[in-house]
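Coordinate inspection notes
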Amino acid sequence: MSTGIEEILTHPEFSKEDLVSLLSADDTGTRKIFETARAVKLQYIGNKVYFRGLIEFSNICSKNCYYCGIRSGNKKYKRYELSDEEVMEAAAFAYREKYASLVIQGGERSDKKFIDRIEYLLREISKMSEGRIHVTLSFGEQSPETYRRWFQAGAQRYLLRIEVSNPELYKKLHPSDKHHDYYKRLEALKSLRKEGYQVGSGVMIGLPFQTISDLADDLLFFRNYDIDMVGMGPYIEHDATPLYEYRDQLLSQSERFRLSLKMVAILRIMMKDINIAATTAMQTLDPQGREKALMVGANVMMPNLTPVKYREDYLLYENKPCINEEAEECKSCLEARIHIAGDTIGYDEWGDSKHYRKRTTDEGKK
Ligand code: SAM
Ligand code: SF4
């Protein structure tokens, strides 16, 4: 098996069949994939990890995805929205600590009050930091006009996971209505690119009904859509969601974690200069999950800056880690973890996706 893996790893571009073999590799083959991915990372983007301070802005969501703990149908959580002061305090912390980037994430809403408020906060963050903080937004599907307004107000990046690239599987994981339409999500991804964003996407790994062939298609999806950044991680069950019913059909948590690491490593080999996040969901299934992801190709981490009192209400899945850690503690814990992984931190650097720079600047087009 591993001899076959070594041969596949020499292919300049992986076919669907190659990807299925890589994702099915045994332990020896998997070690080779991980070694190759680490070498690709060091050669193409180096060993710097970039921080994006994460602000979980609000758990109010108009959608009802079957996997997500903060879906509108879950009445268990108190719904919250951070105040302007709380957002600006978190942004000031990031600025002071030289994180240079923020991710502002939350439930999907498209009411005018919400859209105006995000625009206002983006301008305030830009003013406070004299444009030195780059912002990634993640608020789901919005109209091209909203994306444009937020871009003009100072957001540079946007994270919109496709969740699964197979439209039939997408239907099984979402209610069948116009608010949960796979093709609308694809259009949103295209519109983000048109507006000039660094575009991020991602998937969940180890979902009920998902096959290895689906995951191979997910990797091809990122390549075909020429995505600049990817944030993907294991699916983790939540007892207050409809998918919980299928918990007995899932891979074990350690298998899901291993498969997620393989996805990160294979993606790094395929897309050498994109940004890949070491996600919190990885750490949920393995205490060293994020470091392991860094070792096999990830280069972005998202220290949580959400005020601790809200974290219990932003539980997308069970056993989410660090819900009691203040931003300061979270930072020192991450520094230690990154050094263990053999990487260094790119303080005061935006750490933009090299891939994005290449596709948008003359330097890259040469
Ligand atoms: N509402 C926006 C959206 O859906 O794009 C952004 C926030 S949403 C909470 C961020 C991501 O959380 C989703 O894209 C999804 O992949 C992930 N997520 C939700 N429930 C999850 C679960 N049970 N396990 C792992 N990831 C989950
Ligand atoms: Fe809302 Fe995003 Fe959760 Fe779906 S995944 S319910 S859109 S927060």
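Let me begin by describing the structure that accompanies this report.

Rules and cut-offs
- Residues numbered from 1 in each chain as written.
- Chains lettered and ligands numbered in written order.
- Predicted model: local features only at pLDDT ≥ 70, side-chain atom pairs only at ≥ 80, totals over all residues.
- Heavy atoms only, no water.
- Pairing = 2+ DSSP bridges.
- Helix = DSSP H or I, 4+ residues; strand = E, 2+ residues; numbered from the N terminus.
- Near = heavy atom within 4 Å.
- Polar contact = N/O pair within 3.5 Å; in protein donor to acceptor, adjacent residues only side chain to side chain.
- Areas by Shrake-Rupley, 256 points an atom, 1.4 Å probe, with all protein chains shown as cover.
- 1 Å grid on protein atoms, 1.4 Å probe; cavity = no way out; pocket = protein on both sides within 12 Å on 5 of 7 lines; lining within 4 Å.
- Sits in = over half its atoms within 2 Å of the grid points.
- Nonpolar A, V, L, I, M, F, W, Y, C, P; charged D, E, K, R; others polar.
- Core = buried A, V, L, I, M, F, W, Y, C linked by side-chain atoms within 4.5 Å.
- Buried < 20%, exposed > 50% of the residue type's maximum accessible area, 1.4 Å probe, protein only.
- Contact = heavy atoms within 4.5 Å.
- Points joined across faces, edges and corners; volume = space filled by probe spheres on them.

**Things to note about the sheet that holds strand β11 (residues 300-301)**
Sheet strands pair via backbone hydrogen bonds, and the direction of the pair is either parallel or antiparallel. Spatially, β11-β1-β12 is the arrangement adopted by the three strands of the open sheet, whose pairing is parallel. In this open sheet, the two strands that pair with only one neighbour each are β11 and β12 (344-345). Direction of pairing for strand β1 (residues 48-51) relative to β12: parallel, over a ladder of two bridges. Bridge pairing in β12 links V49 to I345.

**Describing the site of ligand 1**
Neighbouring ligand 1 are 18 residues; Y67, R161, E163, R185 and I236 lie closest to it. Backbone polar atom of I236 to a nitrogen atom of ligand 1: 2.7 Å apart, as the coordinates give it. When ligand 1 is considered free in solution it has 560 Å² of accessible area, and contact with the protein chains removes 92% of it. When atom positions are compared with the pocket grids, ligand 1 is found to occupy the largest cavity. Looking at side-chain class alone, the shell around ligand 1 contains nine nonpolar, five polar and four charged residues.

**Thoughts on the nonpolar core**
Core analysis: the largest hydrophobic core is formed by 108 residues, its most contacted members being L137, W150 and F222. Among the elements that take part in this core, helix α10 (residues 253-270) stands out by supplying ten residues, more than any other. Those residues in contact with W150 that lie beyond four places of it in its chain are F114, I115, I118, E119, L122, L137, F139, Q142, A155, Y158 and Y197.

**Structural notes on the site of ligand 2**
Taken together, C61, K63, C65, Y67, C68, I70, R71 and G107 make up the full set of residues adjacent to ligand 2. Placement of ligand 2 is best described as lying within the largest cavity. Its residues placed into classes, the shell around ligand 2 shows five nonpolar, one polar and two charged.

**Focus on the layout of surface pockets**
Taken as a whole, the largest pocket holds about 180 Å³ of empty space. E86, E89, A90, F93, R96, L305, T306, P307, V308, E326 and A327 together form the lining of the largest pocket. Examining the composition of the lining of the largest pocket, we find that five residues originate from one element, helix α4 (residues 84-96), more than from any other. Counted by class, the lining of the largest pocket contains six nonpolar, one polar and four charged residues.

**A closer look at empty space enclosed by the protein**
Here the structure, examined in full by the defined rule, presents four cavities of 30 Å³ or more. Estimates place the volume of the largest cavity at around 830 Å³. Counting residues per element, the ones that place at least two in the lining of the largest cavity are β2 (53-58), β3 (101-106), β9 (233-234) and α11 (280-285). A per-class count over the lining of the largest cavity returns 19 nonpolar, ten polar and eight charged. Within this model, the second largest cavity holds a volume of roughly 130 Å³. Around the second largest cavity, the lining residues are R52, V103, T136, L159, M229, V230, G231, N275, I276, A277, V300 and M302.

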